[in-house]
Amino acid sequence: MASAATAAPPKQHPTSPKSSDSRPRTPTWAWALPPVAVLGLVFLYPLALVVQQSFQPDTGGTSLQPYADVLASASFLEALRTTVWIAVAATVGALVLGFVLALVIAFVPFPGGKAVARFIDVFLSFPSFLITLALLFIYGTVGMANGLWTDVTGAAEGPFQFLATPWGVLLAEITYFTPFVMRPLLAAFSGIDTAQLEVASSLGARPARIVRQVILPEALPALAAGGSLVLVLCLNEFGIVLFTGAKGVTTLPMLVYSKAILESDYPGACVVAVVNVLVSVGLYGLYRVVSRRAGA
């Protein structure tokens, strides 16, 4: 007993300097400092400079005069209306088209279906102006469709002249942003138990009813996620409007470009930029509230 007691190692006191509990621990809040610092440097600081510049007219000082001048101008009101209706219409179009195409890819077997689903992931990396250029090659004034028409009929020009109008911008945005809706939908459809569809079909339910009562409830969260993303992206889209050459279509991002680059009105450009941010955040919040009440 004495030898066993002698061989036993002495217990370490909790206050001993070798105790692991005495090592200094990093506070939990300290781990948030690096990402907050990066966010502040890359996003919040430039945004603060834009807001500050929007209150500083060219005459000097600090005042609300830039806001009064811009918000009362007809060009701003027209740009605001154009931005909102194109963004909302493009979002609705992308939701409808994306839902239909995702249904076909997920539930209608056809050769190359998996390749099409993989191509959607690649499509998301394409720049927006590339899709616009593709539409210009097809439907532009000297595009393939107009060229074919003039060759066949001998007319001086083709009938497809809509790309330089709001409808051309809308078509380009729907074409580009539809895959942003399809990606979350395909992920949601992959989790649907096909046995539910088979049971519903065996009970006599038609395809439209199966989509409405079985598939659509499962797709609502994905539709809300994809739709909210597309809405925000459309509100801030610049490249598509610029590359379509739609001179009569002025959105808020185009107005920022016009005031800053063409007119050298930097306070006015900052005012429009601040309003654009507020509209984006406001419509995004409204969309999320509506989708949440709808059960998405």
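Residues numbered from 1 in each chain as written. Predicted model: local features only at pLDDT ≥ 70, side-chain atom pairs only at ≥ 80, totals over all residues. Heavy atoms only, no water.

Undergrad: Before we go on, may I ask you to explain the overall build of the chain in this structure?
TA: Per the secondary structure count, the chain includes 13 helices and zero strands. For the chain, the sequential pattern of α-helices and β-strands runs α-α-α-α-α-α-α-α-α-α-α-α-α. Taking all 296 residues of the chain together, the buried fraction comes to 34%. Across the chain, contacts joining residues at least 24 apart in sequence account for 70% of those joining residues at least 6 apart. (Helix = DSSP H or I, 4+ residues; strand = E, 2+ residues; numbered from the N terminus. Buried < 20%, exposed > 50% of the residue type's maximum accessible area, 1.4 Å probe, protein only. Contact = heavy atoms within 4.5 Å.)

Undergrad: What should I look at first to understand the nonpolar core in this one?
TA: It is characteristic of soluble globular proteins that their nonpolar side chains tend to be buried jointly. Membership of the largest hydrophobic core comes to 57 residues, with the highest contact counts inside it found for Leu185 and Phe189. In terms of residue count, helix α8 (residues 166-190) provides more of this core than any other element does, 12 residues in total. Contacts of Leu185, omitting those with residues within four sequence positions, involve Gly98, Phe99, Ala102, Ala219, Ala222 and Leu223. (Core = buried A, V, L, I, M, F, W, Y, C linked by side-chain atoms within 4.5 Å.)

Undergrad: Just to check I follow, could you spell out unusual backbone geometry for this structure?
TA: For Ser264, which is not a glycine, the phi torsion comes out positive at approximately 55°. On the secondary structure map, Ser264 appears in the loop between α12 (252-262) and α13 (266-293). When its relative accessible area of 42% is taken as the criterion, Ser264 is described as partly exposed.

Undergrad: Even after reading the chapter, I still don't get the environment of Val279, so can you show me in this structure?
TA: Within the secondary structure layout, Val279 lies in helix α13. Residue Val279 is classed as buried on the basis of its relative accessible area, which comes to 18%. Separated by 195 residues in sequence, Val279 and Val84 place their C-alpha atoms 8.7 Å apart. Among all residues touching Val279, those that are not within four sequence positions of it are Leu80, Val84 and Leu235.

Undergrad: Sorry if this is basic, but what is going on with the packing of aromatic side chains here?
TA: The geometry of an aromatic ring pair is captured by the separation of the ring centres together with the interplanar angle, meaning the angle of the planes. Counted according to the given criterion, the structure contains 12 aromatic pairs. Their ring planes at 75° and their centres at 6.2 Å tell us that Phe119 and Phe126 sit as a pair that is edge-to-face. Since its relative accessible area comes to 46%, Phe119 is described here as partly exposed. Judged by its relative accessible area of 24%, Phe126 is partly exposed. Aromatic pair Tyr176 and Phe177: ring centres 4.9 Å apart, planes at 75°, arrangement edge-to-face. (Phe/Tyr/Trp six-rings, centres within 6.5 Å; stacked < 30°, edge-to-face > 60°.)

Undergrad: Hey, could you run me through helix α5 (residues 113-123) in this one?
TA: The α-helix winds at 3.6 residues per turn, so residues separated by three or four positions along the chain end up facing the same way. Burial in α5 covers these residues: Gly113, Ala117, Ile120 and Phe123. The buried residues of α5 occupy an angular sector of 115° when projected down its axis, which confines them to one face. More than 90 degrees from the buried face of α5, the exposed residues found are Lys114 and Arg118. On its buried side, α5 packs onto α4 (74-107), α6 (128-139) and α8. (Arc of directions from axis to C-beta.)

Undergrad: What is the right way to look at a nonpolar patch on the surface in this model?
TA: A cluster of nonpolar side chains, namely Val88, Val92, Val96, Val100, Val104, Val108, Phe110 and Val116, defines an oily patch on the protein surface of about 580 Å² accessible area. Looking at which element gives the most residues to the nonpolar patch, the answer is α4, with five residues. With respect to the helices and strands, Val96 occurs in helix α4. (Patch = residues over 30% accessible without salt bridge, like charges linked within 9 Å, V, L, I, M, F, W, Y side chains within 5 Å. Areas by Shrake-Rupley, 256 points an atom, 1.4 Å probe, with all protein chains shown as cover. Salt bridge = Lys/Arg side-chain N within 4 Å of Asp/Glu carboxyl O.)

Undergrad: What am I meant to see in the pattern of salt bridges here?
TA: Using the criterion set out here, one finds three salt bridges in the structure. Residue Arg81 is joined to Glu78 by a salt bridge in which the shortest nitrogen-to-oxygen separation is 2.9 Å. Highlighted residues: Arg81 and Glu78, both in helix α4, separated by three residues, approximately one helical turn. Taking relative accessible area as the criterion, Glu78 reaches 42% and is therefore assigned partly exposed. Residues Lys259 and Glu263 are paired through a salt bridge, measuring 3.9 Å at the closest nitrogen-oxygen approach. Here Glu263 falls in the partly exposed class, since its relative accessible area comes to 48%. Taken together, the shared-partner salt bridges connect Lys259, Glu263 and Asp265 into one network.

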